[in-house]
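# Structural features, examined
The lines below spell out each chain.
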Amino acid sequence: MRDDCTDYRDLFLHDRAMMDTRAPVEFHKGAFPGVINLPLMTDIERQKVGTCYKQQGQQAAIELGHQLVSGQTKAERIEAWAAFAKANPDGYLYCFRGGLRSQIVQQWLKSEAGIDYPRVVGGYKAMRTFLLQTTDEAVQACDFVLVGGMTGTGKTEVISQLSNSLDLEAHANHRGSSFGKRATGQPEQIDFENALAIDLLKRRAAGQQQFVLEDEARLIGRCSLPLPLYQAMQQHPLVWLEDSVANRVERILQAYVVELCAEFVAVQGAEAGFTAFAERLRESLANITRRLGGERYQRLAAIMEQALQEQQVDGQVDTHRGWIEALLVEYYDPMYVFQRESKSGRIEFAGEQLAVVEYLRKRNGG
């Protein structure tokens, strides 16, 4: 039998197959990319065992667990674990702390299915701690440079052209602004942090020591940047991306109207998808009513409504440019002017997209 695993770095660096034996409620609160949840106990069974443990102690809880997971139920779960083990002969199993639950699964696999299968020592908690430390170490050891610029200048486009970029918005599945929600949901906070840490781990293992990030707020939608990373980002140098208002309007029209509508249609179908897309735009504008002011909100909402009606009838999106340009010039740009002034001491280069990409590539040594 292979040894139980304590090499967390190897697990994540090589995407080792792992079977999570925690209850579904634990798994959905936070897990690791690609891991399969094959629990020892359901949520209800776990709750009953937990209550028994508090009231009667460990031995009574263990006995109750064996009663709840017995007979056909036990056979079906062992069959699922055995199928995973056979499909992933180099994989591992784990529970929350690497204790009783994973040991029981390991023992049952051996005694009932004749399969020796190793577990992760320390379980989920130890691996989660390792990933948090991985992010902290990267923040302390690596060189970071941020790409800033007004809304619609194409910061994400710059990020996508660089081999040493770290796309925070892609990890968060959100475009980062008040209008940034995608048709598909965001990951749980813990899943976001775990995937980000694994990305950093793999890039550093490949020799990358400099990272280009988009200049983000602490929150990307509902995903919060790890505090050490966010704090460090307030000190790192900035490259400022510039573009004309006309180009920025077109870029936003494409991303937040054309592409977002297509996303919703792909997920929900033509009619329901367009309805959901339109509601998302209205909701995004309504969310900033207080900052826009009532009169401005009403004016932009009226333009948006007309644009949505036209888009629904004949697919034309031209009228959307009206509210987009007004929102940029009257709302976003004044905020970014203030931001640029407050960060001016950290700006080491400014220019349009081609110049910025070339500068950042040279900064990385080619």
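What you are looking at is a predicted structure, and each value in this text was computed from that prediction instead of being measured.

### Considering the pattern of salt bridges
Side chains bearing opposite charge may pair, as long as their charged atoms lie close to each other. Throughout the structure, instances matching the rule amount to 31 salt bridges. Salt-bridge contacts for Lys202 lead to Asp15; the nearest nitrogen and oxygen are separated by 2.7 Å. Taken together, the positions of Lys202 in helix α10 (residues 189-205) and Asp15 in the loop between α1 (8-13) and β1 (18-20) put the pair 187 residues apart, joining distant regions of the chain. Each of Arg175, Arg182, Glu259 and Glu263 takes part in one network of salt bridges that share partners.

### Here's the deal with empty space enclosed by the protein
Scanning all chains against the criterion turns up 1 cavity of 30 Å³ or more. Roughly 80 Å³ of internal volume is contained in the largest cavity. For the largest cavity, the full set of lining residues is Thr151, Ser177, Phe179, Ile252, Tyr256, Trp323, Ile324, Leu327, Leu328 and Tyr332. When residues of the lining of the largest cavity are traced back to their parent elements, those giving at least two are α12 (245-268) and α16 (320-342). Broken down by element, the residue count for the lining of the largest cavity peaks at 5 residues, all from α16.

### Structural notes on the sheet that holds strand β3 (residues 92-94)
If you walk across this open sheet you meet the 3 strands as β2-β1-β3, and the pairing is parallel. Two strands in the sheet have a free side with no partner beyond their single neighbour: β2 (36-37) and β3. For β1 and β2, the ladder comprises 2 bridges, and the chain directions are parallel. Bridge pairing in β2 links Asp20 to Asn37.

### Some words on the UniProt feature "active site" (unreviewed entry) in the chain
Here, UniProt's "active site" (unreviewed entry) annotation points to Cys95. Its location among the elements puts Cys95 in the loop between β3 and α6 (100-113). Cys95 gets classed as buried once you look at its relative accessible area, which sits at 3%. Setting aside residues up to four positions removed in sequence, Cys95 forms contacts with Thr21, Arg22, Arg101, Ser102, Gly123 and Tyr124.

### As for the packing of helix α15 (residues 294-314) against α16
Two elements in contact, α15 and α16, have axes separated by 7 Å at closest approach and are oriented at 150 degrees. Between α15 and α16, the interaxial angle falls into the category roughly antiparallel. In this structure, α15 meets α16 at a crossing whose hand is left-handed. Contact residues: α15 offers Arg296, Arg299, Leu300, Ile303, Met304, Ala307, Leu308 and Gln311, while α16 offers His320, Gly322, Trp323, Ala326, Leu327 and Glu330. Taken together, the residues of the contact of α15 with α16 sort by class into 8 nonpolar, 3 polar and 3 charged.

### As for the packing of aromatic side chains
Considering all chains together, one arrives at 13 aromatic pairs under this definition. Relative to Phe211, the ring of Phe144 lies with its centre 5.4 Å away and its plane at 25 degrees, an arrangement referred to as stacked. With a gap of 67 residues between them, Phe144 in strand β4 (residues 143-149) and Phe211 in strand β5 (residues 210-214) connect regions that are remote in the sequence. Comparing Phe144 with Phe211, the two get one shared label, buried. A connected cluster of aromatic rings, assembled from ring pairs, spans Tyr8, Phe12, Phe32, Tyr94, Phe96, Tyr124 and Phe130. Sitting over the ring of Tyr256, Arg175 keeps its end group 5.4 Å from the ring centre.

Conventions used here
- Residues numbered from 1 in each chain as written.
- Predicted model: local features only at pLDDT ≥ 70, side-chain atom pairs only at ≥ 80, totals over all residues.
- Heavy atoms only, no water.
- Salt bridge = Lys/Arg side-chain N within 4 Å of Asp/Glu carboxyl O.
- Helix = DSSP H or I, 4+ residues; strand = E, 2+ residues; numbered from the N terminus.
- 1 Å grid on protein atoms, 1.4 Å probe; cavity = no way out; pocket = protein on both sides within 12 Å on 5 of 7 lines; lining within 4 Å.
- Points joined across faces, edges and corners; volume = space filled by probe spheres on them.
- Pairing = 2+ DSSP bridges.
- UniProt positions renumbered as here; feature names shortened; annotations may be inferred.
- Buried < 20%, exposed > 50% of the residue type's maximum accessible area, 1.4 Å probe, protein only.
- Contact = heavy atoms within 4.5 Å.
- Axes fitted to C-alpha atoms, helices over the stretch in contact; angles between N-to-C directions.
- Parallel < 35°, antiparallel > 145°, perpendicular 65-115°, else oblique.
- Left-handed = near helix turned anticlockwise from the far one by under 90°.
- Nonpolar A, V, L, I, M, F, W, Y, C, P; charged D, E, K, R; others polar.
- Phe/Tyr/Trp six-rings, centres within 6.5 Å; stacked < 30°, edge-to-face > 60°.
- Lys NZ or Arg CZ within 6 Å of the ring centre and 35° of its normal.

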